[in-house]
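# Residue-level structural notes
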Amino acid sequence: IQIQRCFRGHLVRESMINMNCSAVIIQKVWRKYSTLSHQIMTIQRIWRGYSARLQYSFYLSDIILTQSFIRRKIAIDKYQNKRYSAIQIQRCFRGHLVRESMINMNCSAVIIQKVWRKYSTLSHQIMTIQRIWRGYSARLQYSFYLSDIILTQSIIRRKIAIDKYQNKR
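Just so we're clear, the structure is a prediction, and the values are computed from it rather than from any experiment. Throughout, a residue's number is its position along its own chain's written sequence, starting from 1. Where local features are concerned, this predicted model is filtered to residues with pLDDT of at least 70; where side-chain atom pairs are given and counted, the filter is 80 or more; whole-chain, interface and lining totals use all residues. Note that water and hydrogens are dropped before the side-chain values are worked out from all heavy atoms of the structure.

## Some thoughts on the overall build of the chain
Looking only at helices and strands, the chain has 1 helix and 0 strands in total. As defined in this context, the radius of gyration uses C-alpha atoms, and a globule is described by 2.2 Å times the residue total to the power 0.38. Relative to the 2.2 N^0.38 estimate, which gives 15 Å for 169 residues, the radius of gyration of the chain is 69 Å and therefore markedly larger than a compact globule would have. With respect to the three principal axes, the spread of C-alpha positions in the chain is 235 × 35 × 10 Å. Only protein chains enter the accessibility calculation, which uses a 1.4 Å probe; a residue is then buried when its area is under 20% of its type maximum, exposed when over 50%, and partly exposed in between. Here the chain, with 169 residues, has 2% of them falling under the buried criterion. Element-wise, carbon and sulfur atoms account for 65% of the exposed surface of the chain, whose accessible area totals about 16500 Å². Charged side chains in the chain number 30 positive and 6 negative. The centres of these two groups are separated by 5 Å. For helices the rule is a DSSP run of H or I covering at least 4 residues; for strands it is a run of E covering at least 2, with both sets numbered from the N terminus onward. Residue exposure ignores everything except the shown protein chains as possible cover, and the areas themselves are Shrake-Rupley values with a 1.4 Å probe. His is not counted, nor are the chain ends, whereas Lys and Arg count as positive and Asp and Glu as negative. To locate a charge, the coordinates of NZ of Lys, CZ of Arg, CG of Asp or CD of Glu are taken.

Next comes the structure, spelled out in structure tokens:
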């Protein structure tokens, strides 16, 4: 019994040593695996964070680009609206200036026509008076010339007649 007890004690101790060695080996593998798993999880965590930040930066740049296009479109629309409004104001103002100019030119033309008609009537009257006066003056001068010619002819005929009469005598 004592040998058995010693032998069984020896077997149990040896089995405990084997189990202890096995437990140490399992613990060593587990620690190695656990450290490797921790490292893998750390790498995965870092990669997921990097990937999420990268994805976020892509989304952010897409959002900023879209906002930029929309702001540009809004600014262009506002500019075109203001430009169209300015053109409309200029068009109306230029039309007003042209209409005002046409009214002034029309008034000036009416005044010029009125003065011209008055002058032309007066001018026609003046020309009629001048024509009548020149006709009268020309007829009067003609009658003076004619009377001078007749007088001259009568003086010459008289002289000729006197000379003939004296030659006959």
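After presenting the structure, the write-up continues.
## Here's the deal with a nonpolar patch on the surface
On the surface, a cluster of nonpolar side chains totalling about 440 Å² of accessible area is made up of W47, Y50, L54 and F58. Along the chain, L54 falls in helix α1 (residues 2-168). Patches draw on residues past 30% relative accessible area with no salt bridge. Two like charges within 9 Å are joined, as are two nonpolar side chains (Val, Leu, Ile, Met, Phe, Trp, Tyr) within 5 Å. By definition, a salt bridge exists where a carboxyl oxygen of Asp or Glu is found within 4 Å of a side-chain nitrogen of Lys or Arg.

## So, the packing of aromatic side chains
Here a Phe, Tyr or Trp ring, Trp counted by its six-membered ring, pairs with any other such ring whose centre lies within 6.5 Å, and the pair is stacked when the planes are under 30 degrees apart, edge-to-face when over 60, and tilted otherwise. A complete count under the given rule lists 2 aromatic pairs for this structure. Aromatic side chains W47 and Y50 sit 5.6 Å apart centroid to centroid with 40° between the ring planes, which places their arrangement in the tilted category. Residue W47 and its partner Y50 are located together in helix α1, separated by 3 residues, close to a single helical turn. With a relative accessible area of 55%, W47 lands in the exposed category.

## What to know about the pattern of salt bridges
Considering all chains together, one arrives at 1 salt bridge under this definition. In this structure, K73 and D77 form a salt bridge, with 3.1 Å as the shortest nitrogen-oxygen distance. A residue pair is termed a helical-turn pair when its members lie 3 or 4 positions apart in one helix, as K73 and D77 do in helix α1 at 4 residues. For K73, a relative accessible area of 49% puts it in the partly exposed group.

## Some words on the environment of L140
Positionally, L140 belongs in helix α1. Look at L140 and you get partly exposed, because its relative accessible area is 33%. Note: C-alpha distance between L140 and Y59 (81 residues apart in sequence) is 116 Å.

## Section: α1
Here α1 spans 232 Å end to end across 167 residues, near enough to the 249 Å set by a 1.5 Å rise per residue. Of all the residues in α1, the buried ones are G9, G95 and S123. Multiplying 1.5 Å by the residue count of a helix minus one yields the expected span of that helix.

## Quick look at the environment of S108
Locating S108 in the fold gives a position in helix α1. The class of S108 is partly exposed, set by a relative accessible area of 38%. The spatial distance from the C-alpha of S108 to the C-alpha of Q4 is 150 Å, given a sequence separation of 104 residues.

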